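Coordinate inspection notes
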Amino acid sequence: MSGKNGDRQFVDTNVLVYAHDTSAGEKHARAKALVAELWQSGNGCLSVQVLQEFYVTVTQKVRKPLPPETASRIIGYLSHWRVHTPDAGDVLEAIRIHRRYAISFWDAMIIRSAEALDCRVIWSEDLNPGQYYGEVKVVNPFS
C-alpha cells in the first residue's frame, strides 16, 4: 500500500455493492471507477463489517445476485486493502458516536472504523453527504 495517511479513504458497503452490481447502471459505472482508482492509489480502506454486509447484499439482495464463490473471491481481493477489525473498545467508541450524532449504531461503527484507519473521507450513499463526523467527511460518489 503506497498512499499517505491523509489520502486514505473508507468505502461503505453500498459503494462496493454498486461496483459489483451490473444491474445498477450509472451507479455501477461510478462506483467501479472509484474502487479502481482506490486500488491504483493504494488508499482504499474497509472494515470487517463492510465485508460482511457486502457478502450478504451481493449474494441475496441485488437484482442479479452473485454466486457465493464469486463474492468470496472479491472479498479475498479486498482483504488486501487496509481492513479494520473492531474490538470492544471500538464498539464503545461507536456507541459514543451514535449518541453524539443521533445516527444508527451501524453507521457509527463505519465512522469509528474510518477513524481507526486514519481516513479523512468515507464514500457512502447512506450517511449524510458533506457531514463531518470529527475529522472524517462523508462524500456521496453519486451526487
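Structure: above.
Residues numbered from 1 in each chain as written. Predicted model: local features only at pLDDT ≥ 70, side-chain atom pairs only at ≥ 80, totals over all residues. Heavy atoms only, no water.

This part takes up the overall build of the protein. From N to C terminus, the protein includes six helices and six strands. Relative to the compact-globule value of 15 Å for 143 residues, the protein shows a C-alpha radius of gyration of 14 Å, a close match. Buried residues in the protein amount to 47% of all 143 residues. Long-range pairs, those at least 24 residues apart, make up 60% of the contacts in the protein with a sequence separation of at least 6. (Helix = DSSP H or I, 4+ residues; strand = E, 2+ residues; numbered from the N terminus. Rg over C-alpha atoms; globule rule 2.2 N^0.38 Å. Buried < 20%, exposed > 50% of the residue type's maximum accessible area, 1.4 Å probe, protein only. Contact = heavy atoms within 4.5 Å.)

Let's shift gears to helix H4 (residues 68–78). When we look at burial in H4, the residues that qualify are Ala71, Ile74 and Leu78. Taken down its axis, H4 places every buried residue within 60° of arc, on the same side. Check the buried side of H4 and you find it contacts helix H1 (13–20), helix H2 (26–41), strand E2 (44–47), helix H3 (48–61) and strand E3 (82–84). (Arc of directions from axis to C-beta.)

The subject of this paragraph is a nonpolar patch on the surface. A surface patch of nonpolar side chains, amounting to about 240 Å² of accessible area, comprises Val91, Leu92 and Ile95. Mapped onto the elements of the fold, Leu92 is located in helix H5 (residues 88–101). (Patch = residues over 30% accessible without salt bridge, like charges linked within 9 Å, V, L, I, M, F, W, Y side chains within 5 Å. Areas by Shrake-Rupley, 256 points an atom, 1.4 Å probe, with all protein chains shown as cover. Salt bridge = Lys/Arg side-chain N within 4 Å of Asp/Glu carboxyl O.)

The next point concerns the packing of aromatic side chains. According to the stated counting rule, one finds four aromatic pairs in the structure shown. Their ring planes at 85° and their centres at 5.1 Å tell us that Tyr18 and Phe142 sit as a pair that is edge-to-face. On the criterion of sequence distance, the pair formed by Tyr18 in helix H1 and Phe142 in the segment after strand E6 (136–139) is long-range, its members being 124 residues apart. Looking at Phe142, the relative accessible area reads 14%, which means it is buried. An angle of 75° between the planes, with centres 5.1 Å apart, marks the rings of Phe105 and Trp106 as edge-to-face. Just above the ring of Phe142 sits the side chain of Lys27; from NZ or CZ to the centre is 5.5 Å. (Phe/Tyr/Trp six-rings, centres within 6.5 Å; stacked < 30°, edge-to-face > 60°. Lys NZ or Arg CZ within 6 Å of the ring centre and 35° of its normal.)

This is a description of form; function is not addressed.
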